[in-house]
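Inside the fold
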Amino acid sequence: MNIILLGPPGAGKGTQARILVDGRGMTQLSTGDMLREAKDSGTEMGKVVADVMARGELVTDEIVIGLIREKLEGGGTGFIFDGFPRTLAQADALGDLLAEVGQTLDHVVAMEVNDDELVTRITARATCGMCGEVYNDITKPIPADGTCTNCGASSFKRRADDNEESLRTRLMEYYKKTSPLIGYYHAKGQLRWVPGLGDIDEVAGGIAAVLDS
Ligand code: AP5
Ligand code: MG
């Protein structure tokens with residue numbers, strides 16, 4: 001089964017993808033994580049995207065489609081597309097790429113969360129510097145002993161784009177360029193809404209109900 005987790009910044013795509021990876025053995029393909037890795041390891045592409053990402057703008061379709069193409073051509077199935085596609089051109093490209101490797105898209109799970117909650121979540125986010133486990137100062141604090149519950153590491157990161165100004169840009173990019181995908185996948189009969197406002201387990205239950213339907 002291949003699925004898209006569709007939602008604005010802070011909707012919980014990464015958090016829910018990790019639950020699906022652990023619970024169902026699926027493979028998370030987060031273009032945001034791939035781009036941050038490229039940036040951290042100082043590749044040419046990483047240097048090109050660093051400022052764009054820090055400002056909260058979208059990087060070019062060409063770059064992210066290339067990243068996803070490479071993963072799909074590497075084989076496997078059970079993909080969770082997290083943060084991809086984000087434009088209509090990316091959505092068309094994903095359809096073509098899946099067809100090329102003989103796979104289908106089974107569900108597009110749209111996660112609904114209001115803007116105030118998105119701002120609260122994002123400004124309180126931290127991630128483990130080692131394994132990427134996602135934390136939140138309010139709802140899922142880093143353990144008191146300062147070690148990651150998943151891998152035991154003790155270094156945590158805050159993202160360069162998790163500030164109010166970049167977040168305003170990210171939200172605008174979402175509404176202008178990504179939200180049209182809701183109509184696109186609705187028209188294809190693939191869109192399934194899941195309330196994203198409950199606690200993490202409740203949201204996971206909503207997604208599980210869609211995948212098991
Ligand atoms: P990307 O990394 O994809 O970021 P995003 O879409 O802005 O989404 P986030 O990762 O911020 O949020 P999330 O939905 O994963 O939420 P999370 O689970 O972390 O993209 C970053 C940048 O890369 C883009 O701006 C762009 O520049 C570039 N990029 C990436 N893909 C691209 C593409 N396809 N095309 C072009 N450019 C691209 O949760 C957030 C917080 O909330 C956490 O603290 C978490 O603990 C907490 N939380 C989660 N669920 C709950 C809950 N149910 N209740 C309470 N708290 C919760
Ligand atoms: Mg994410």
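Here's a quick rundown of the structure. (Residues numbered from 1 in each chain as written. Chains lettered and ligands numbered in written order. Predicted model: local features only at pLDDT ≥ 70, side-chain atom pairs only at ≥ 80, totals over all residues. Heavy atoms only, no water.)

What about unusual backbone geometry?
What counts, and what does not: Helix and strand definitions here come from DSSP, where helices need a minimum of 4 consecutive H or I residues and strands a minimum of 2 consecutive E residues; each element is numbered from the N-terminal end.
At the junction of Phe84 and Pro85, the peptide bond is cis and its omega measures out at 0° in the coordinates. Summarising the element assignment, Pro85 is placed in the loop between strand S3 (79-82) and helix H5 (88-100).

Quick notes on the sheet that holds strand S6 (residues 134-136)
Rules: Following DSSP output, two strands are said to pair if at least two bridges run between them.
Strands sit in the order S6-S5-S7 across an open sheet of three strands; the sheet is antiparallel. Two strands bound the open sheet, and with one partner strand each, they are S6 and strand S7 (156-157). Pairing between strand S5 (residues 125-128) and S6: three bridges, direction antiparallel. Among the inter-strand pairings, Ala126 is bridged to a residue of S6, identified as Tyr135.

Observations concerning the site of ligand 1
Rules: Throughout this document, a residue counts as near a molecule or strand when at least one of its heavy atoms sits within 4 Å of that molecule or strand. The definition of a polar contact used here is a pair of N or O atoms within 3.5 Å, where within protein one atom must be able to donate a hydrogen and the other to accept one, and adjacent residues in sequence count solely through side-chain atom pairs. Throughout, the Shrake-Rupley method with a 1.4 Å probe supplies accessible areas, and for residues the shown protein chains are the sole cover considered.
Near ligand 1 there are 36 residues, and of these Thr15, Glu57, Arg86, Arg125 and Arg170 occur at the shortest range. Between ligand 1 and Gln90 there is a distance of 2.9 Å, counted from a nitrogen atom to a side-chain nitrogen or oxygen. Between ligand 1 and the protein, one listed contact pairs a nitrogen atom with a side-chain N or O atom of Thr139 at 3.2 Å. Compared with its free state, where it exposes 1,000 Å², ligand 1 has 97% of that area covered by protein. It is helix H2 (residues 31-40) that contributes the most residues to the shell around ligand 1, four residues altogether.

Quick notes on the pattern of salt bridges
Keep this limit in mind: Between Lys or Arg on one side and Asp or Glu on the other, a salt bridge is scored when a side-chain nitrogen of the former is within 4 Å of a carboxyl oxygen of the latter.
Within the structure shown, the criterion is met by 16 salt bridges. Taking the shortest distance from any N to any O, the salt bridge between Glu133 and Lys140 comes out at 2.8 Å. Here the salt bridges share partners, and the residues they tie into one network are Arg125, Arg159, Asp161, Asp162 and Arg170.

Remarks on the packing of aromatic side chains
Each aromatic ring pair is described using two quantities: the centre-to-centre distance and the angle formed by the ring planes. How we decide: Put simply, two rings from Phe, Tyr or Trp (the six-membered ring, in Trp's case) pair if the centres are within 6.5 Å, and we call them stacked under 30 degrees between planes, edge-to-face over 60, tilted for the rest. For the exposure calls, accessible area comes from a 1.4 Å probe over protein chains only, and a residue counts as buried if that area is under 20% of its type's maximum, exposed if over 50%, partly exposed in between.
Summed over all chains, the structure comprises four aromatic pairs. Where Phe79 meets Phe81, the ring centres are 6.2 Å apart and the plane angle is 45°; that geometry is what we call tilted. Take Phe79: its relative accessible area is 4%, and that puts it in the buried class. Ring centres 5.6 Å apart and planes at 85° place the aromatic pair Tyr135 and Phe156 in the edge-to-face group. Of this pair, Tyr135 sits in strand S6 while Phe156 sits in strand S7; the two residues are 21 residues apart in sequence, bridging distant segments of the chain.

Some points on the side chain of Thr87
The following threshold applies: Residue contacts follow a heavy-atom distance rule, with two residues in contact if any of their heavy atoms lie within 4.5 Å.
On the secondary structure map, Thr87 appears in the loop between S3 and H5. A polar contact of 3.0 Å, which involves the side chain of Thr87, links it to the side chain of Asp61. In terms of polar contacts, Thr87 uses its side chain to reach the backbone amide nitrogen of Gln90, at 3.0 Å. Those residues in contact with Thr87 that lie beyond four places of it in its chain are Leu58, Asp61, Lys177 and Leu181.

What to know about the sheet that holds strand S2 (residues 27-30)
In plain terms, the rule: All axes here are fitted lines through C-alpha atoms, helices being fitted over the stretch that makes contact, and every angle between N-to-C directions spans 0 to 180 degrees.
Here five strands make up an open sheet; going across it, the order is S2-S3-S1-S4-S8 and the pairing parallel. This sheet does not close on itself; its edge strands, each paired only once, are S2 and strand S8 (191-195). Neighbour-to-neighbour, the strand axes of this sheet turn through a mean angle of 25°, independent of strand direction. Where strand S1 (residues 3-6) lies against strand S4 (residues 107-112), four bridges are found, and the strand directions are parallel. When the sheet's bridge partners are listed, Leu6 is paired in S4 with Ala110.

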